[in-house]
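What follows is each chain in one-letter form.
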Amino acid sequence: METIIVVGGGAAGMAAAAAAARQGHAVRIYEKNEKLGKNLFITGKGRCNVTNDCTPEELLQGVVTNSRFLYSSFYGFNSQDMMSLLEQAGCPLKTERGGRVFPVSDKSSDIIKTLKKVLDQSGVEVCLNQAVDSLWLETDPETGEERCRGVFLSGKHREKVEAAAVIVATGGLSYATTGSTGDGHRWAKEAGHKVTDLLPALVPFETAEDEARELQGLSLKNIEIRITDGKRELYRDFGEMLFTHFGVSGPVILSASSYCGKALRKGPLKLTIDLKPALTEEQLDHRILRDFEEAKNKQFKNSLNKLLPAKMIPVIIRRSQISPEKPVNEITRQERKNLVQAVKSFTLTITGLRDFREAIITQGGISVKEIDPSTMESRKVSGLYFAGEVLDLDAVTGGYNLQIAWSTGWAAGRGAGERLLIYIYKGI
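What this report covers is the structure whose coordinates are included nearby. (Residues numbered from 1 in each chain as written. Predicted model: local features only at pLDDT ≥ 70, side-chain atom pairs only at ≥ 80, totals over all residues. Heavy atoms only, no water.)

What follows concerns the overall build of the chain. A tally of helices and strands in the chain yields twelve helices and 21 strands. Its C-alpha atoms give the chain principal-axis dimensions of roughly 90 × 45 × 40 Å. Counting all 428 residues of the chain, 54% fall into the buried class. Contacts in the chain between residues far apart in sequence, at least 24 positions, make up 71% of those at least 6 positions apart. Surface exposure of the chain reaches about 19,200 Å², of which carbon and sulfur atoms provide 47%. (Helix = DSSP H or I, 4+ residues; strand = E, 2+ residues; numbered from the N terminus. Buried < 20%, exposed > 50% of the residue type's maximum accessible area, 1.4 Å probe, protein only. Contact = heavy atoms within 4.5 Å. Areas by Shrake-Rupley, 256 points an atom, 1.4 Å probe, with all protein chains shown as cover.)

Read around the closed barrel, six strands run β13-β16-β15-β14-β17-β18, paired in antiparallel fashion. For this sheet the average axis-to-axis angle between neighbouring strands, irrespective of direction, equals 45°. Direction of pairing for strand β13 (residues 205-207) relative to strand β18 (residues 346-353): antiparallel, over a ladder of three bridges. What sits directly across from T207, in β18, is I350. (Pairing = 2+ DSSP bridges. Axes fitted to C-alpha atoms, helices over the stretch in contact; angles between N-to-C directions.)

This part is about the sheet that holds strand β8 (residues 132-139). Read from one edge to the other, the open sheet built from three strands follows the order β8-β9-β10, with strand pairing classed as antiparallel. Unpaired on one side and paired on the other, β8 and β10 (160-162) mark the two borders of the sheet. The mean inter-strand angle of the sheet, taken between neighbouring strand axes irrespective of direction, is 35°. Note: strand β9 (residues 146-153) against β10, three bridges, orientation antiparallel. From the neighbouring strand, F152 faces β10, where its bridge partner is K160.

Right, let's get into unusual backbone geometry. Despite not being glycine, N129 shows a phi value in the positive range, around 55°. Residue classification places N129 among the exposed residues on the basis of a relative accessible area of 55%.

With that settled, the discussion passes to helix α8 (residues 251-264). For α8, built from 14 residues, the straight-helix expectation of 20 Å at 1.5 Å per residue is met to within 8% by its first-to-last C-alpha distance of 19 Å. Along its length, α8 shows its largest kink, about 50°, at S258. Of all 14 residues in α8, eleven are buried, a share of seventy percent or more. All of the buried residues in α8 are V252, I253, L254, S255, A256, S257, S258, C260, G261, A263 and L264. (Expected span 1.5 Å × (residues − 1). Bend = angle between axes of the 7 residues up to and from the residue.)

For the rest of this paragraph, the subject is the pattern of salt bridges. Note that side chains of opposite charge can pair when their charged atoms are close. Overall, the coordinates contain 33 salt bridges when judged by the stated rule. One salt bridge connects D183 with K32, and the closest N-O pair in it is separated by 2.9 Å. With D183 in helix α6 (residues 183-190) and K32 in the loop between β2 (26-30) and β3 (51-52), the pair connects residues that are 151 residues apart, well separated along the chain. Given the relative accessible area of 15%, D183 is considered buried. (Salt bridge = Lys/Arg side-chain N within 4 Å of Asp/Glu carboxyl O.)

It is the contact of helix α1 (residues 11-21) with helix α5 (residues 108-121), at a shortest axis distance of 9 Å, that shows an interaxial angle of 30°. Between α1 and α5, the crossing angle belongs to the class labelled roughly parallel. Where α1 crosses over α5, the handedness of that crossing is left-handed. Of the residues in α5, those in contact with M14, A17 and A18 of α1 are L115, V118 and L119. (Parallel < 35°, antiparallel > 145°, perpendicular 65-115°, else oblique. Left-handed = near helix turned anticlockwise from the far one by under 90°.)

A separate point is the nonpolar core. Ranked by size, the top nonpolar core spans 85 residues in total, and within it L40, V151, V166, F386 and W406 carry the most contacts. Every residue in contact with W406, bar those within four places of it in the chain, is listed here: A11, A15, L40, V50, F77, M82 and L115. The next biggest cluster of nonpolar side chains, apart from the first, holds 48 residues, and it includes L220, F292, F346 and I350. (Core = buried A, V, L, I, M, F, W, Y, C linked by side-chain atoms within 4.5 Å.)

The final tally for this structure, using the stated rule, is six aromatic pairs. The interplanar angle of 75° and the centroid separation of 6.3 Å between the aromatic rings of F243 and F346 together place this pair among those described as edge-to-face. With a gap of 103 residues between them, F243 in strand β15 (residues 232-243) and F346 in strand β18 connect regions that are remote in the sequence. For the pair formed by F243 and F346, the shared burial category is buried. It is K35 that lies over the ring of F41; its NZ or CZ is 4.4 Å from the centre. Lying across the ring of F246, R354 places its NZ or CZ 3.8 Å from the centre. (Phe/Tyr/Trp six-rings, centres within 6.5 Å; stacked < 30°, edge-to-face > 60°. Lys NZ or Arg CZ within 6 Å of the ring centre and 35° of its normal.)

As a further point, take the pairing of β18. Of the strand pairs in this sheet, strand β17 (residues 269-274) and β18 are connected by five bridges, and their pairing is antiparallel. Across the sheet, residue I273 finds its bridge partner in β18, namely F346.

On to the pairing of strand β11 (residues 165-168). The two faces of β11 match: A165 and I167 on one face and V166 and V168 on the other face are all buried. Where strand β1 (residues 3-7) and β11 come together, four bridges link them in parallel fashion. Its bridge partner lying in β11, I4 is registered against A165. Across three bridges, the pairing between β11 and strand β20 (residues 384-386) is parallel. Considered in β20, the bridge of V168 is made with F386.

Following both chains from N to C, one finds helix α10 (residues 313-320) and helix α11 (residues 333-344) inclined at 130°, their axes separated by 8 Å at the closest point. Between α10 and α11, the angle is such that the two are oblique. Every pair of crossing elements has a handedness; the one defined by α10 and α11 is right-handed. Between α10, through I316, R319 and S320, and α11, the contact on the second element is made entirely by N338, L339, A342 and V343. Of the residues in the contact of α10 with α11, the class split is four nonpolar, two polar and one charged. (Nonpolar A, V, L, I, M, F, W, Y, C, P; charged D, E, K, R; others polar.)

Spatial relationships are all this shows, so hold off on functional conclusions.
In structure tokens form, the structure reads like this:
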């Protein structure tokens, strides 16, 4: 029986193997690690944010890069399909804030066990601790068509293994300790594919000011951020963030990095934080006046405890340029205006991204212009398929990136399986 080889036993690889095997084909996964789904263990802070419980159209809205390419795969295998696959195999799920889907147990290991069960039931052969060295590519002397004949395994003898199709699902460059070391990008280049610039994404920002270090550990909720490049607004969002020893992190910052990483390579960007987005400047001024009235006999430095977190107060006082010892009842209207500005427009200079070791995903990858969006087959090499993070696809947080892996993996497995069925029918 002809075999379909899947290189990589992460999310996309397991989905591809399951889809191909369900069509009755022999499928073999080669995984360099000692277990499947090593990258899944650390997703969602160990809870595994499996997907986002929303429509395909809403999934597409969460995609940052090349969303149109995902139209076929998202409609072919959507978040409800993935949820059904897991629940029918015995893993109950729950949906939390923002449509984020997790296993009821809050254990990523349960997702991996369930997927392993699906693979076992489908007859997929799993080869652990076995790395692939390179693809076996050949050119048909009659047609000139480039074809993938199989793979060369790593090891002393570089064993050659023939396959009817090869699906590359080796991930990006984030979390290198899980085996994502860029092998798929190298093989794609060797096969003639373009690989776009690779950047860490869903990653914290580094900032120039020492104030971030001063505020280290402070988490802010219900704030609004705006990132600009000169007069051009690159990103705006509302939610939570965190100050760190190097800059800023947290949900809104991580999502912003995916939209601003490329612009940041050209120079610093401006981050503006509105600490009180629910209030207009006028409303905030009235709020401050009320607080001052209650604290009219206090010094300025002792009047802001109801407005701001304690750690933030010294920084805002400096930025307002009001003397900390000044009696509240002596603060002028202009000084109040300065205080309002300090609260509504807390600015920092973004100087860079943290590296791949801290990135949740990789931005960039194999150009999707050279991939068939319905089957994930290479337009340059027949019998060669790509799925998951190895492609130039990425999304915001909330389960969207894993759904990209599930959907493109499923499309690749189904595409490879249907191709093989056609070949069997034609007697090729």
